[in-house]
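Structural characterization, general
The primary structure of each chain is shown beneath.
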Amino acid sequence: MMKLYHCAPQPQEFKPHIFIVAEEAYRNIRDQLEPLNQSLVVSGESGAGKTWTSRCLMKYYATVAASSSGLKSQNTVERIERRVLDSNPIMEAFGNACTLRNNNSSRFGKYIQLQLNSGQLLVGASVQTYLLEKTRVSCQPADERNFHIFYQMMKGATEGQRREWEMPLHQSFDWLPNSEKQIEEDDFDETVEAMLHMGIKAETQRYILRILAGILHLGNVTFSSSGEEHQLCQLPEEAEESMQTAAKLLSVPAQEFQTCLRVRTLKAGKQSLLKPCSQTECRVRRDCLAKTIYAQLFEWLVSFINSSICADKSTWSSFIGVLDVYGFESFHVNKLEQLCINYANEKLQQHFVAHYLRAQQDEYVSEGLQWSFVKFQDNQSCLDLLEGSPVGVFSLLNEESRLNRASDANMLRVRLEKELSDNPNISWDKFSRAPHFTVAHYAGRVSYQIEGMVEKNKDPVPVELISLLQKSDNPLLCQIFADRETENPTTRGLAKVTVVSKFKNSLENLMSILLNTTPHYTRCIKPNPDCKPLTFKKEEVILQLEACGIVQTIQISAAGFPIRIPFKSFVRRYGLILKHLKKSGGSSDDLHVDNDKPPQQEVEQLLSMVLNQRSCDERCTLVHCGRTKVFLTQAMLDVLEDHRRNILSRCAFSIQCCWLRYQRRRRRARRQSATLIQAAVRSWLVRKQVQRWNRAAAVIQSRWKSWKTLLKSLAEAELDGDSDLVENDARLVNPAVRERGSVQLPSIQEPVTVRGWPMGLALASAPSITVSLTATGFQKLISVVTSLNLPSRRGEYKVETNQYKQGLASIRAQPKGSVKLHYQRSPLLYANTQPDLKSDVTGFNEILLEQTL
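Thresholds, definitions, all that
Residues take numbers from 1 onward in each chain, read along the sequence in its written order. The predicted nature of this model means local features are confined to residues of pLDDT at least 70 and side-chain atom pairs, given and counted, to a pLDDT of 80 or more, with totals for whole chains, interfaces and linings taken over all residues. Where side-chain values are given, they derive from all heavy atoms of the structure, hydrogens and water being excluded. Note on aromatic pairs: the rings of Phe, Tyr and Trp (six-membered ring only in Trp) are paired at centre separations within 6.5 Å, and the planes decide the class, stacked below 30 degrees, edge-to-face beyond 60, tilted for the rest. In this scheme, Lys NZ or Arg CZ marks a charge over a ring once it lies within 6 Å of the ring centre and within 35 degrees of the ring normal. Helix numbering and strand numbering both begin at the N terminus, where a helix is a DSSP run of H or I of at least 4 residues and a strand a DSSP run of E of at least 2. Think of it in three bands: with a 1.4 Å probe and only protein chains considered, a residue is buried below 20% of the maximum accessible area for its type, exposed above 50%, and partly exposed in between. Any two residues whose heavy atoms approach within 4.5 Å are treated as being in contact. Like charges are joined within 9 Å and nonpolar side chains (Val, Leu, Ile, Met, Phe, Trp, Tyr) within 5 Å, but only among residues with over 30% relative accessible area and no salt bridge; these make up the patches. Each accessible area is a Shrake-Rupley estimate made with a 1.4 Å probe; only the visible protein chains count as cover when residues are assessed. Each reported salt bridge corresponds to a side-chain nitrogen of Lys or Arg within 4 Å of a carboxyl oxygen of Asp or Glu. Any N or O atom pair separated by 3.5 Å or less is treated as a polar contact, with the protein-specific requirement of one donor-capable and one acceptor-capable atom, and with residues adjacent in sequence counted only for side-chain atom pairs. DSSP bridges decide pairing: two strands pair if at least two such bridges lie between them. Throughout, an axis means a line fitted to C-alpha atoms (over the contacting stretch in the case of helices), and angles, computed between N-to-C directions, take values from 0 to 180 degrees.

**Considering the packing of aromatic side chains**
On inspection of all chains with the given rule, the structure shows 17 aromatic pairs. In textbook terms, an aromatic cluster arises when at least three aromatic residues are bridged by ring pairs, as seen for Tyr 5, Phe 14, Phe 19, Tyr 60 and Tyr 61. Geometry around Tyr 151 places Arg 145 over its ring, the cationic atom sitting 3.9 Å from the centre. The residue whose ring lies beneath Arg 523 is Phe 352, and the NZ or CZ to ring-centre distance is 4.6 Å.

**Thoughts on the environment of Glu 346**
Among the structural elements, Glu 346 can be located in helix α12 (residues 336–366). When its relative accessible area of 0% is taken as the criterion, Glu 346 is described as buried. In the structure, Glu 346 is positioned 96 residues away from Tyr 442 in sequence and 7.2 Å away in space, judged by C-alpha atoms. Discounting chain neighbours no more than four positions away, the residues touching Glu 346 are Asn 379, Cys 382, Leu 383, His 441 and Tyr 442.

**Looking at a nonpolar patch on the surface**
Together, Ile 677, Val 681, Trp 684 and Leu 685 make up a nonpolar patch on the protein surface, roughly 390 Å² of accessible area in all. You can call Val 681 partly exposed: its relative accessible area is 40%.

**Quick look at the side chain of Glu 23**
Structurally, the position occupied by Glu 23 is in helix α2 (residues 18–30). Side-chain polar atoms of Glu 23 contact the side chain of Tyr 60, separated by 2.4 Å. What Glu 23 contacts, discounting residues up to four positions off in sequence, is Tyr 5, His 6, Pro 11 and Tyr 60.

**Digging into the side chain of Asn 96**
Here Asn 96 is to be found in strand β2 (residues 96–97). The buried category is assigned to Asn 96, whose relative accessible area is 0%. Only 3.1 Å separates the side chain of Asn 96 from the side chain of Asn 104, close enough to count as a polar contact. When sequence neighbours within four positions are dropped, the list of residues in contact with Asn 96 reads Thr 51, Met 91, Asn 104, Ser 105, Ser 106, Arg 107, Phe 108, Phe 147 and His 148.

**So, the sheet that holds strand β11 (residues 444–449)**
With antiparallel pairing, 3 strands are arranged side by side in an open sheet as β9-β10-β11. Each of the sheet's edge strands pairs with one partner strand only, and the pair in question is β9 (426–427) and β11. The pairing of β9 with strand β10 (residues 436–441) spans 2 bridges and is classified as antiparallel. Counterpart to Ser 427 in the pairing with β10 is Thr 438. Those strands touched by α12 are β10 and β11, and its axis lies near 150° from that of β11. Seen against the sheet, helix α13 (residues 380–387) touches β9 and β10 and runs at an angle of roughly 150° to β10.

Below, the structure written as structure tokens:
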């Protein structure tokens, strides 16, 4: 759903959704529309859905403003997104509670600032809070509950945690009413997991939970009056045990802890006097201690969240603020908290009226538009009643709070009636016994109880309690009170800072932020007072719409021009439409930008060219040129945006075509270059290979020739010294035998007859001479010499085969070892023929021949 609204050209064309408002603010930043920073104000009654709407807005921006490129950037954005979203369950657990009108009512206001860089990516966030209702810690209205975190601890703690906190499963606490009620927000594991993701370590979480458990045990401490003013209040047995447990969990000395709650210190000049507190004073000091601890812990959590998610100022250029404040409240009994809450809603309503209703109509008149004013409800008189200077409800309340005397509700009522009786927005019920005053707010009349209002406005914190907490052994408790200055009880007059004054100052800072940003209002309407789904009560819905000014807003927007753009900004954004129309119309004489031409003339020329086919009456209903701004309807803005989008699309298409043509030509040139390089490399490699082969062949030929020469020289050397052979009894040799099977000895003129076998075999030498054989023809092919008939003198020489005696002898030299020739069985017919009938030599087939080189 988020991607659907984010990627849509016109999100307004879809069904109404909170994402439309979020996307509009995001596109304003993307398009650099002034003022650049945006604020989304979520308002409405208590229980109308403000907190849930703010949660949806934060989830939307954390999704659409995430980076999709770069692993480091993606991890950073995911971490920020996760921490921003995890801040919600933490702050809701510590700042929200179940009330009569809402199960998850915000008991504080918050302004979340989502920080974006120049690329509109989420880089950080910050949180500002306003007026935590800390009185709820010690005082819960009827049928309402305390803050969520206490119930989460009771229902989700482990056995080990319960033992540490001394909090059995079914133990009851005075400050935890309606604990049996089950709501969706009682999820302890979600809060713990969110704190871990936020960077709060397990040990720090342990300190936080111990402090909260100590507050719960402190609520079970009761006091009984001693009967005498100068004696200390007594503690019942169960209260004594709760006191010891609270002191243990808060890591403070138990005895000093009891003393601080039951004895107060009075200053008399330079001396300090100790005075026992009454039973009521003891309860007030106990409640004050619990509220102070919880408020300081909440402020520390907000500071920790800001330090965890806030980005450096140099890394972000714009922000989107989401304001979620408490809704307008009206209970049976309304106190100072409701007065401040409704005052904040009055300020926001006044901002809405000033920005969207009054200022819009005033601007029409100043810009020269023919305009008839629409009546609307203005709440300025109510604000004058509350914050008026020099006399107002808040100023009178602060005066009473700064006086060093006991507060008197009746006296304050008399002063209010005397000073403010002329204001029609305040009234009194003279028949009511309880002092009160009634204020007519924009959303209805609310009666406020004066009793206890002055004491709450003072918000006194005893000095001895702060000093005790600063000496705590709990590191976190000691840290959150380390920088808190103890209030001097002798401080008087204007030096005292009250709750109302602090809240008013913080609210003024918030309003200044809203005035410097582009506001987007989201009104949450409560369909029925029972929080039931799909149930709409027409009367209540219409009252809310009328009270918050929605009806008047619709009337003004329908009758006027909701979009107003200064001339320069208009020309800067839509000037390209004028250039394109002139170019397409063939008017090339004025294509350049004339800086000396007034912007108003350019605007009128642009609008006339865009609306040249529309009638004059239709033009007046779509657009109007004022003195400094252009007033547009949404329909006219859509027409301009469509023109601009089409022109940018055509320009982008032309750029893409040029770029693709350049890329194609570049690829073709690279392909041709690569082909030439590959061909050159292949030819070079072939030439190198052929040259390598030629060199190798030359080396082989050279070595082969050298080897043949060496063999020939060795053979000639072996035949030296055969001069004693004679040619007596030489037989005549057949010419054929002479040609094919003869041996020429150096010392014998006639060739020697050789009996050749078909197989190649070199037989031995004589005992005293070595015979060198040279075979030709068939004998060369098979290289076989089997026997010799040599002419000899007196039979002194005898040729014998020695394969059975000495092995095969070399024809070149005496063998150093056995030389064996191997061959398969000969297929020739005479392979078994013996060389001599008288010799003992068998045929070749009986000899195992192995050749070893």
